[in-house]
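Results of the structural survey
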Amino acid sequence: MSDDELYFDDVEVGGTAPVRTHTLTRTDLVKYAGASGDYNPMHTDEVAAKDAGLPSVFGHGMFSAGMLASALTDYVGLGRLTRYKVRFTKQTWPGDVLSSAITVTGKRTEGDRYYIDLDCQLVNDKGGAVVVGEATADLASRGGEK
Amino acid sequence: MSQTTLDTSAIGADLPGAVVTVERGPVTTFAGAVLDERPEYRSAVAARAAGLRGIPMPPTFPFAMGNWGQFEEQQPDGWDAPIPTLGLYGELMRNGGLILHGEQEFIYHRDVVVGDELTMTGRVKDIYQKASGDKTMTFIVSEQDYRNSDGELVLTQVTTIIHRV
């Protein structure tokens, strides 16, 4: 495994993950629509969105969930998540500066497994959470071989 | 808003089944779309060098993968049957309102990589209503299990859709 592997032993409850920040663009929404197959015009067609009374297109909730999952993967590593749950709390809009906020809330061992629990959010630049979630990861331990 | 008795008869009903192949192009494209540029999502060599069985699936890809690798000739009988909550959605929308994606949960039991062929079975897990201010929120929760070609459970996803009126 790589040198930047996150080990259970080195994680502390209350510790935080590196922050990912991204300014949402309309191109992001077009790319996500194509990649996911979600072609709801409220996400990609500015004319249709304005006709529906919206100020502009708005972001797919699952784009936000996906970006937050990328931030989780940055921290725990590929293939380490055992659970990821999100709740969608606010819409996102082009120009929003979205940042991840990930905190370790627990550490536990079950048999030869080393789990950490995390709270995770994606917040906009007005301080509002757009996605609120939780995750669990199964990490390697310096003592064990996993 | 007139409050009618909520029809919960679909709780426990099976969702139409499906067979989904995890495809390489969609996985790589999806990873880029959720801003993950790791080489392991593009290169099988990089993925194996990282100790993985193959190119991995991004964590939220299961929500989208049915739009890609669900090939018509591989589907089980009844795959195109209407979902058991169709009537409920129709009834709810008679009062107008909005359909929202409320929550999404993924439970990863085993690794899933490009090339895996997964068999999905699903069911309606719950239907319930809550008042929120002057709004009525109806929650429709469905659960999908995915098994690999050895019959092992690899992935569960739980989707909560909210009707708000």
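Residues numbered from 1 in each chain as written. Chains lettered and ligands numbered in written order. Predicted model: local features only at pLDDT ≥ 70, side-chain atom pairs only at ≥ 80, totals over all residues.

**A few points about the overall build of chain B**
Across its full length, chain B carries four helices and five strands. Along chain B, helices and strands appear, N-terminal first, in the series β-α-α-α-α-β-β-β-β. Along the first, second and third principal axes, the C-alpha atoms of chain B reach 60 × 35 × 25 Å. Burial analysis of chain B (165 residues in total) assigns 30% to the buried set. Within chain B, counting contacts between residues at least 6 apart in sequence, those at least 24 apart form 75% of the total. (Helix = DSSP H or I, 4+ residues; strand = E, 2+ residues; numbered from the N terminus. Buried ≥ 20, exposed ≤ 12 C-beta atoms within 10 Å, placed from the backbone. Contact = placed C-beta atoms within 7 Å.)

**A closer look at the overall build of chain A**
From N to C terminus, chain A includes four helices and five strands. Put simply, chain A runs from its N terminus to its C terminus through helices and strands in the order β-α-α-α-α-β-β-β-β. With respect to the principal axes defined by its C-alpha atoms, chain A has extents near 60 × 30 × 25 Å. Counting the 146 residues in chain A, one finds 37% classified as buried. Across chain A, the fraction of contacts at a sequence separation of at least 24, relative to all contacts at a separation of at least 6, is 68%.

**Regarding the environment of V113(B)**
All names here are of chain B. Take V113: it is sitting in the loop between β2 (98–108) and β3 (117–132). For V113, a count of 17 C-beta atoms within 10 Å gives the class partly exposed. C-alpha of V113 to C-alpha of R53: the two residues are 60 residues apart in sequence and 6.9 Å apart in space. Not counting the four nearest positions on each side in its chain, V113 is found in contact with V22, L52, R53, G54, I55, P56 and M57.

**Digging into the pairing of strand β5 (residues 129–139) of chain A**
Residues and elements named next belong to chain A. Both strand β2 (residues 81–88) and β5 contribute to a ladder of seven bridges, which runs antiparallel. Looking at β5, one finds that F88 is bridged to V131. Relative to β5, strand β4 (residues 113–123) runs antiparallel, the two sharing 10 bridges. Considered in β5, the bridge of L122 is made with V131. (Pairing = 2+ DSSP bridges.)

**Focus: the interface of chain A and chain B**
If you look at the interface, chain A gives 27 residues, while chain B gives 28 residues. Every element with two or more residues in the side of chain A that touches chain B is listed here: α1 (26–36), α4 (61–76) and β2 of chain A. Per element, the largest residue contribution to the side of chain A that touches chain B is nine residues, and it comes from α4(A). Per-class residue counts for the side of chain A that touches chain B are 13 nonpolar, 10 polar and four charged. Pairing between β2(A) and β2(B): five bridges, direction antiparallel. The residue of β2(B) that forms the bridge with K85(A) is E105(B). (Nonpolar A, V, L, I, M, F, W, Y, C, P; charged D, E, K, R; others polar.)

**Observations regarding the sheet that holds strand β3 (residues 97–110) of chain A**
What holds strands together in a sheet is hydrogen bonding between their backbones, with the strands either parallel or antiparallel. Ordered in space as β1(A)-β3(A)-β4(A)-β5(A)-β2(A)-β2(B)-β5(B)-β4(B)-β3(B)-β1(B), the 10 strands form an open sheet in which the pairing is antiparallel. The open sheet has two free edges, formed respectively by β1 (21–23) of chain A together with β1 (14–21) of chain B, since each of these has just one partner strand. Strand after strand, the sheet turns through a mean of 20 degrees between neighbouring axes, direction not considered. Where β3(A) and β4(A) come together, 11 bridges link them in antiparallel fashion. Opposite I102(A), over in β4(A), you have C120(A) as the bridge partner. α4(A) rests against β1, β2, β3, β4 and β5 of chain A together with β2 of chain B of the sheet, and its axis sits at about 35 degrees to β5(A). (Axes fitted to C-alpha atoms, helices over the stretch in contact; angles between N-to-C directions.)

**Considerations on unusual backbone geometry**
With a phi close to 65 degrees, L35(B) is a non-glycine residue in the positive phi region. Within the secondary structure layout, L35(B) lies in the loop between α1 (24–33) and α2 (44–49).

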